[in-house]
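The primary structure of each chain is shown beneath.
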Amino acid sequence: MIECPGSISIIINELFLRKFKPPVERETCTLINTVEFLNNINEFSSYSRMIRVVAWCKRFLHNSRHPFHPIRGTLRSSKLSQVLLGVLINVQRTSFVTKIQSLEKNVPFPIGSKLIILSPFLD
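The shown structure was predicted, so the numbers you read here are calculated from the model rather than taken from an experiment. (Residues numbered from 1 in each chain as written. Predicted model: local features only at pLDDT ≥ 70, side-chain atom pairs only at ≥ 80, totals over all residues. Heavy atoms only, no water.)

A. Seen up close, the nonpolar core. Counting nine residues, the largest nonpolar core is built from Ile 41, Met 50, Ile 51, Val 54, Ala 55, Leu 75, Leu 80, Val 83 and Val 87. Taken together, the elements giving at least two residues each to this core come down to helix H2 (47-65) and helix H3 (77-95). For this core, the element with the most residues is H2, which contributes four residues. (Core = buried A, V, L, I, M, F, W, Y, C linked by side-chain atoms within 4.5 Å. Buried < 20%, exposed > 50% of the residue type's maximum accessible area, 1.4 Å probe, protein only. Helix = DSSP H or I, 4+ residues; strand = E, 2+ residues; numbered from the N terminus.)

B. Representation of the packing of H2 against H3 within the structure. Running from N to C, H2 and H3 cross one another at 105 degrees; their axes reach a closest spacing of 9 Å. With respect to H3, the element H2 is oriented roughly perpendicular. For the pair H2 and H3, contact is made by Tyr 47, Met 50, Ile 51, Arg 52, Val 54, Ala 55 and Lys 58 and by Leu 80, Val 83, Leu 84 and Val 87, respectively. When the residues that make up the contact of H2 with H3 are grouped by side-chain class, the tally is nine nonpolar, no polar and two charged. (Axes fitted to C-alpha atoms, helices over the stretch in contact; angles between N-to-C directions. Parallel < 35°, antiparallel > 145°, perpendicular 65-115°, else oblique. Contact = heavy atoms within 4.5 Å. Nonpolar A, V, L, I, M, F, W, Y, C, P; charged D, E, K, R; others polar.)

C. Structural context of the packing of aromatic side chains. For the coordinates displayed, the defined rule picks out zero aromatic pairs. Looking at Lys 99, its charged tip hangs above the ring of Phe 109, at a distance of 5.4 Å from the centre. (Phe/Tyr/Trp six-rings, centres within 6.5 Å; stacked < 30°, edge-to-face > 60°. Lys NZ or Arg CZ within 6 Å of the ring centre and 35° of its normal.)

D. Looking closely at H2. With 19 residues, H2 extends 27 Å between its outermost C-alpha atoms, agreeing within 8% with the 27 Å of an ideal straight helix rising 1.5 Å per residue. Along H2, the residues classified as buried are Met 50, Ile 51, Val 54, Ala 55 and Arg 59. Residues of H2 that are buried sit in contact with H3. (Expected span 1.5 Å × (residues − 1).)

E. Up close: the packing of H3 against helix H4 (residues 97-104). Two elements in contact, H3 and H4, have axes whose closest approach is 5 Å; the angle formed by their N-to-C orientations is 90 degrees. The orientation of H3 relative to H4 falls into the category roughly perpendicular. Residues Gln 92, Arg 93, Thr 94 and Ser 95 of H3 pack against Val 97, Ile 100 and Glu 104 of H4.

F. Focus on the environment of Gly 73. Checked against the element boundaries, Gly 73 lands in the loop between H2 and H3. Exposure remark for Gly 73: the relative accessible area of 48% places this residue in the partly exposed category. Ignoring any residue separated from it by four or fewer positions in sequence, one finds Gly 73 in contact with Trp 56 and Arg 59.

G. Focus on a nonpolar patch on the surface. A contiguous nonpolar patch, built from Ile 116, Ile 117 and Leu 118 and spanning about 350 Å² of accessible area, is present on the exposed surface. With respect to the helices, strands and loops of the structure, Ile 117 is situated in the segment after H4. (Patch = residues over 30% accessible without salt bridge, like charges linked within 9 Å, V, L, I, M, F, W, Y side chains within 5 Å. Areas by Shrake-Rupley, 256 points an atom, 1.4 Å probe, with all protein chains shown as cover. Salt bridge = Lys/Arg side-chain N within 4 Å of Asp/Glu carboxyl O.)

Structure (structure tokens):
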């Protein structure tokens, strides 16, 4: 330690101790809840073409993330059904945002709502 008069020696000693302290590690976890809407859903020539394109895109993403376990071959009906369900959920989440929020908070729908006769629920 360098001997300095007064408070300067305290500051130098403090800086010396800070330098050799182990860094404090903090972990942070963030949950981001987003709804992705298929912006160009109306640009497909047919419903089945849209489902197949989305299925191929999902396969491409899977194969990009897992290059040692790629999926090959034709699209299976089970994957097309999963994509169909995903597209339906996506469209519902973007079209009925306020209604879904009401269901999540157990708030009753307004009396004039046309959806109330369908007895909507969250699954």
